[in-house]
Every structure is written in C-alpha cells, then in structure tokens.
Amino acid sequence: MTDVVPIHQTELEHEREYVAGLYERLDELRAEKERQLARVRKDGPQGSVQNVSERDAFASLYEDRLAQLYAVDDRLVFGRLDMDEGDERYIGRIGLTDEDQVRLMVDWRAPEAGAFYQATAHQRLGVRRRRHLMLRGRTVADLEDDVLDATLLDDESTHHGAGALLAAVTARRTGQMGDIVATIQAEQDAIIRSPLKGVLVVQGGPGTGKTAVALHRAAYLLYTHRERLKTAGVLLVGPSQSFMRYIDRVLPSLGETGVVMSSLGRLMPGIKAVPETDRRVAKVKGRLFMAEVVANAVANRQRLPDGPRRVDVGGTTLTIRPKQVRRARDRARATGKPHNEARTTFVKIMVRELADQLKDKLEKSSGVGNNIDRAYLSEDVRTSRDVRIALNLCWMPLTPEKLLTDLFSHPGHLEMAAPFLKAKHRRRLLRAADAPWTEADVPLLDEAAELLGEWDASAGRHQATQQADRKRDVANAEATLENVHAMLEDFGVDGVVSAEALADANQAGDHYVSAAERAATDRTWTYGHVVVDESQELSPMQWRLLMRRCPLKSFTIVGDIAQASSAANVTSWAEALEPFVLDRWHLEELTVNYRTPAKITRLAARVAQEAGLPVSNPQAVREGDWEPTVSRVAPEDRQDALLSGIAEDLERIDGGLLAVIAPVSLEGQITTMLRAKYGDRVGSGGGGLGQDIVATTPGEAKGLEFDAVVLLEPAQIVAEAGGIVGDLYVAMTRSTQTLRILATGELPAGLE
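Parameters at a glance
Residues numbered from 1 in each chain as written. Predicted model: local features only at pLDDT ≥ 70, side-chain atom pairs only at ≥ 80, totals over all residues. Heavy atoms only, no water. Salt bridge = Lys/Arg side-chain N within 4 Å of Asp/Glu carboxyl O. Helix = DSSP H or I, 4+ residues; strand = E, 2+ residues; numbered from the N terminus. Expected span 1.5 Å × (residues − 1). Buried < 20%, exposed > 50% of the residue type's maximum accessible area, 1.4 Å probe, protein only. Contact = heavy atoms within 4.5 Å. Core = buried A, V, L, I, M, F, W, Y, C linked by side-chain atoms within 4.5 Å. Phe/Tyr/Trp six-rings, centres within 6.5 Å; stacked < 30°, edge-to-face > 60°. pLDDT = per-residue confidence, 0-100. Pairing = 2+ DSSP bridges. Axes fitted to C-alpha atoms, helices over the stretch in contact; angles between N-to-C directions.

Per an unreviewed UniProt entry, the chain goes by DNA helicase IV and derives from Citricoccus muralis.

Peer 1: Give a detailed account of the pattern of salt bridges, specifying residues and quantitative values.
Peer 2: This structure, assessed with the given rule, holds 46 salt bridges. We note a salt bridge from Glu11 to Arg131, for which the minimum N-O separation is 2.7 Å. Highlighted residues: Glu11 in helix H1 (residues 7-43) and Arg131 in strand S5 (residues 127-136), separated in sequence by 120 residues. Between Arg30 and Asp73 there is a salt bridge, and its shortest N-O distance comes to 3.0 Å. Of the two residues, Arg30 is situated in helix H1 and Asp73 in the loop between helix H2 (49-71) and strand S1 (77-83); the sequence distance between them amounts to 43 residues.

Peer 1: Describe helix H26 (residues 598-610), listing the residues and the values that go with them.
Peer 2: One turn of an α-helix holds 3.6 residues; hence residues three or four places apart share an orientation. Look at H26: 18 Å from first C-alpha to last across 13 residues, which is about the 18 Å you get at 1.5 Å a residue. Where H26 is concerned, the buried positions are Ala598, Lys599, Ile600, Thr601, Leu603, Ala604, Ala605, Val607 and Ala608. Residues of H26 that are buried sit in contact with strand S15 (592-593), strand S16 (619-620), strand S17 (629-632), helix H31 (726-732) and strand S22 (735-743). In the stretch just after H26, Gly612 is the one whose phi turns positive, near 80 degrees.

Peer 1: Describe the nonpolar core, listing the residues and the values that go with them.
Peer 2: Grouped together as the largest cluster of nonpolar side chains are 73 residues, with contacts concentrated most on Trp108, Leu711, Leu728 and Met732. When residues of this core are assigned to their parent elements, the largest contribution, eight residues, is made by helix H6 (residues 210-224). Sequence-distant contacts of Leu711, that is, excluding residues within four places in its chain, are made with Ile661, Ile717, Leu728, Ala731, Met732, Leu739, Arg740, Ile741 and Leu742. Counting residues in hydrophobic clusters, the runner-up holds 56 residues, among them Leu267, Leu444, Leu538 and Phe555.

Peer 1: Give me the lowdown on the packing of aromatic side chains, citing residues and values where you can.
Peer 2: Enumeration over the complete set of coordinates arrives at five aromatic pairs. Measuring from ring centre to ring centre gives 5.2 Å for Phe116 and Tyr117, while their planes differ by 90 degrees; the resulting arrangement is edge-to-face. Each member of the aromatic cluster is reached from another via a ring pair, and the members are Phe78, Phe116 and Tyr117.

Peer 1: Before we move on, can you summarise unusual backbone geometry with the specific residues and values?
Peer 2: Glycine aside, negative phi is the norm for most residues, and most peptide bonds take the trans geometry. With a phi angle near 55 degrees, Arg75 is a residue other than glycine that sits in the positive phi range. The topology assignment puts Arg75 in the loop between H2 and S1. For Arg75, a relative accessible area of 29% gives the class partly exposed. A positive phi angle, near 55 degrees, is found at Leu125, a position not held by glycine.

Peer 1: Report on helix H24 (residues 540-549), specifying residues and quantitative values.
Peer 2: The buried count for H24 comes to eight of 10 residues, which makes it a mostly enclosed element. Of all the residues in H24, the buried ones are Met541, Gln542, Trp543, Leu545, Leu546, Met547, Arg548 and Arg549.

Peer 1: Please set out the side chain of Arg740 residue by residue, giving values where relevant.
Peer 2: Here Arg740 lies in strand S22. Ignoring any residue separated from it by four or fewer positions in sequence, one finds Arg740 in contact with Thr629, Gly645, Glu648, Asp649, Arg652, Val709, Val710 and Leu711.

Peer 1: Pulling in residues and values, what's your account of the confidence of the model for the chain?
Peer 2: Taken residue by residue, the chain gives an average pLDDT of 84. The fraction at 70 or more is 82%. This model gives residues 457-462 a pLDDT under 50, and the stretch forms two contacts once residues within four places in sequence are excluded. Confidence over residues 490-496 falls short of pLDDT 50; this stretch has 15 contacts with residues more than four positions distant or in other chains.

Peer 1: Can you lay out the sheet that holds S17 for me, pointing to particular residues and giving the numbers?
Peer 2: Strand pairing in a sheet is mediated by backbone hydrogen bonds. Such pairs are either parallel or antiparallel. Taken together, six strands build an open sheet; the order of strands is S17-S22-S21-S18-S20-S19 and the sheet is parallel. Of all the strands in the sheet, the pair left with one neighbour each is S17 and strand S19 (682-684). Adjacent strand axes in the sheet meet at a mean angle of 20 degrees when their direction is disregarded. This element, H26, spans S17 and S22 of the sheet and lies at about 45 degrees to S22.

Here's what the structure looks like:
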C-alpha cells in the first residue's frame, strides 16, 4: 500500500525547493561579484588616470553589492502572495531575478510587495492567500497561511499555524534588535510607506514597534527615493550608544548600509560626549536662549582695547587706537561672515592702516621728498610680534571647544555673555576647564561652530575650488558612463550607475568614500532625511541642531510623550516642534503593543496615570504568563532578594535575556555584585554576545527590550529624575515576559 503524503508536507517540500533555488541564485550572484571584483583588482594601477578611476569606481560598486548580498542571508525570503491572476509572488529582503531577468523574489519595499502587509479579507488588493515562511538557517521549517479569498477556505493546501507574529514577539531576546520585516502589520506599513516630504511624528506607547518602524522607514525611503537620498544621505539619531549598538544590525539586514547612525552625544564630529549628570544644568543648556549666549560669547571675543596701545615694528613705534579697531571691527562684522573668516577682513584693514602710519613716520623721519617704494611695509607690520599679539587680543581665532571652555570656566566671560541669567544658573554652568564634554554641550558646540566658521582663512577658497572640481568630475563621469555602458552590461552591474556615484569613486589614489561616510565626518553636511528615535527627550537646542542638519525639514520623528524623562520635559509634540516647523507636521499613532504583556502594561499605565502622565493605551497582543510582582524588603535583605529573584526569572525565561535596572547611583554597586555571582554572563547597557544578564539604568535601557526585568528602588529612580515618573515608566515596560520590582523604601503611587 502506498503511503499518502500529507498536503502540508507536500507544500512544505515545494517551498523548501523554491527557497533552496533562491539561495542558490544568491550564491551565484555573490560568486559573480567576487569574480568581477577580483578581475578589476587584478588589473592594478595602470593606464591613464581616468582608467584607474574607472577601475576604482567599479571595484567600489562591486564591494557595495557584495556587502548587501552577504547581509541578507538570514531569512532571505519570508512570504508568498497568491494573486487573483494565478501568479505566486515571493517577498524577501532584496529583489532577485534569474539570468534571463525573470523575477524570482520581490524586495519588501517595492510597491508590488505592499499587499503582503496591507491586504485584508475585506480589502484583498488582489491577494487570495498570504503565506508566511518560517526559516531555520536556509531551510523552510514551517509555513502558515492567511486566506483572504473565501473560496480557498476549504483548500487542503492551506495551513494555519500558531502565528508568525506571536512567534516573533515571544522569541528570546539576544541583546541585538531584530528586524520585523516578516511581520510588519498594516498600521506600521502605512507609516513606513508615508511620503518623504514634511515632518512625520509617530507616537506610540511602549512595545508598539516605534524603533522598528523608524528603521524600516529609513530603508524604505532609501529604496524608493534612491536618487535623491543616495547623495544627500539619511541620518538616524538615537538616545545613547547602547541603543545604537542594539540596533546596528537591522538596516544591513534590510539591504541598506548607507545610513549615518549617531547618538545625540556623537553629532559633533570628534566629540564623544558623556551624559549630563545634573538635570538642572541640562535644562539650562537645553533652552533656546543658549543660542543667544553663544552668540554673545563670540561677539565678546571681538574686543576694543581700553585705550591707545603702542606696538613696535622694526624699531618704529606705532599706535593702535580704539576708534581704528572699532572701524575695522564694524566693517568685518558687516561682511556677515563667521568670526574666523571675518577676522581676515579685520586683520587686512588694521594692517593697511598701520602700514600707512608706518609709511608716514618713515617718510617724515627721512626728510621731505623721499618717495621711495614702501610696498614691503605691510609685510613688516603683518610679521611684527607686537602687532600679532595686539590684533589677537582684539580678535582671536577660535575653535568651538576653546570658546565654550573659556565661557564655562571663567565667571566673567559667562556673566558678560549671559547677563539675563540668574546668578544661581550661571554658577551651575561653571565647571573646570578640563571637564568632559556632555550631551547637553553638543548643541552648543555646534552653534559655536556655525558662528565661528573655519579656523583656516583659506577654507572658503578651498571649498569653492572643491565645488568647481566636483562640477568638472560629474561632467567627466557622465562622459565616462557613455563610453563604458557596454562594459557595465558585460560586468553585470545591477542597477543604474549615476554620474554622481561615479564621480565620488573617481578619486585616483584614494579609496571610494560613500556619501554616508563623508557625511559622518562633516559637521556642515545637510541630509535628505533625518530619523529621530526617543525624540520626546530632545531639548530645544538639540532640535535646533537637527533642523540645521536638514534644512528641507524632512523628518521622521518617533517617540512617546509619556516616556519623557529628560530636562526638556515637553508635554506635547506641538510644544516640542512648533518653534521650528510651526504647524507643518502631522501625527500618526501606533495602537498595538507587540512587546509587553497586558499584565505588565496595566501596572505601568497605573503608575504613569497616578503621576498625571498622558499615557496612550495601546492594546497588548497577549496577556502574558506571569503577573508582575512588587516586593518591599529590608535594606540588609536586598541582595539576597535580588539574587533569588534573578535565579527564578532565569529559569522562567529559559535562556533569554534578563536586565537588572537600577538607579544611576546604584549601577556600579549592582554590577560588581552580579559579576561576583555570574562572572562573564553579566554585561552592561544593552548586553553583548554570550551575556544573558544585563546591569543597566533606566536611561541606558530606553528603547531596549529584555525577556525579564528586575527593577530596583523605583522611588529612587523617580527622585534621580527630579520627580518625573517617565524613567520609571520606561523601565517597567522593557520586559517581554516577566517584571519583578524590589524596594527597600517607599513605593511611588500606583505600586503600593
């Protein structure tokens, strides 16, 4: 008797065979690009400069394509659409075609893939069945079907599983964020595919996938608006370096490597800022009036002497008078140039006047009628040590770091620049000259850089030369593309190579530098789009900095007002944004909590509501297995209670990731204690490979997620945040499974 193969098994084998073919094609493309890259490199630096440049350009294009092909191996394909027309449309991380350009798989960002996320039984969009493919390695482990056409309900080839979404949200955390490309929901997809233009605000409570939506939107925009954004670039800003490490694998897995990613403390090239520990200082530095303080500090370095100053030039005494300096200063300021560039005008005027004075004195001393050439006198004046010192005292060239160091370490400088500040606020701003730069300083450094300009007076001429060279290079690249069009086809370069991209690569003797790489090191770079995560934390000065980075005001802003815990402490998006974009922004809201079980969200929402926070109430997709626990223990019993709770929770989550979230003042002590018990299993911030226990603070945990959370001393967390409950609310909503709260003192309202 012949065994009957179940329909599900037959379908599974069919999908495994097709997916194996996709991976085979992926490997073929990798090998092809490796051969092409090796062929180009083998040629070596020979021929004309143009030939060398073209070779480097092709090498860079192949390297970029290889990076993309190697980044998408995990879960290369995740879905299939069965359409009304009878065709099957596979959806994956990138688009794939065979050698005859027959489409094998559709990029998830393509318009044709939109139905995978948007189609419903009520609005099928031509889709009869949506199939989810669950891969383990390169093999299809299982499949699940959503039937949208009622005529297929009795189709035996349809398989209903436990749910791709539920499997994803309950999967163990690893300390690295995963993408949600296979499980994007309709409301998320609509936001991801929103138009590029304007300011889009995405409001969502904890667990609603705000960060995932932001990252997928960045990838979608780069795919859809490639020509515009490839050269200008996309900037993604997050709250901390732990957060940036947590998300850094997502965009490459979505086929994009061209996004500049930076925490708020790294937005000034060369500065690695630390958190501002004093909330009162952060609040003052974050206010918009600090732009006026920095402008005053710059203006105050353009000084008038108290009286006439005598200087020696080659044995002749000249006099610099305040009215001369005032005239030169006014004319330099009238140029509208930044401080360091306007200084060139100031020095030129002063040197000319002093040279005239020197000429008059020399002619007078040598007798009437002595009209010999005195053209060398300007150089004598310029190189005089006395003159250089005197002019520098009047108008010193400055770096942003020097300006702010002097401002915050000299009470007199600060009082002159900020006479409108209360004395107690000025005292808070004062610090040692060697103090580290903080996140609250970064916008001030950027403001100073804008007002000071380049230190090198020739920078403007150099920039103009660079622009002219760039225009010439693009024109040459256009001609080159016409000449090598056939070669591009023979080499199999996918997509269209733009003249701008080729011009970027045509730098003989240098390696190719992408727009993203250049943007990351250029403070003056203006981006085509900016994505801001945890944006409720930004101060007005931080917003001012970001608006300068994108003059077109093309932003995706994600956050949750209820989670605000910074010194900025805004209560609405209008309050945060309207000073910069007026009413030219629109709001979208995420309404489903995919991460946090309802049992935990109810407790967290109660704490927030007791404190008067405007908490959104997203619907949790699952109830959860464990009730959160709140325990008060004696101080001497806290360590035993903590270790006992950790042991129980580690058993519950069975190999998942556990976080101990503690007040900043306790973080070091708790980390030491945990490492004494668990050794290398303990990490900090977001954790790392091989570490399943994390010791962190509410600020560092912002935007991260863990399978279990043990939260210490909630009242102390609130106290360290200046009485704001936002940090506590954030900490309580980081868990995907279980929450345990331990306190030795009073409990905040809602936890009693």
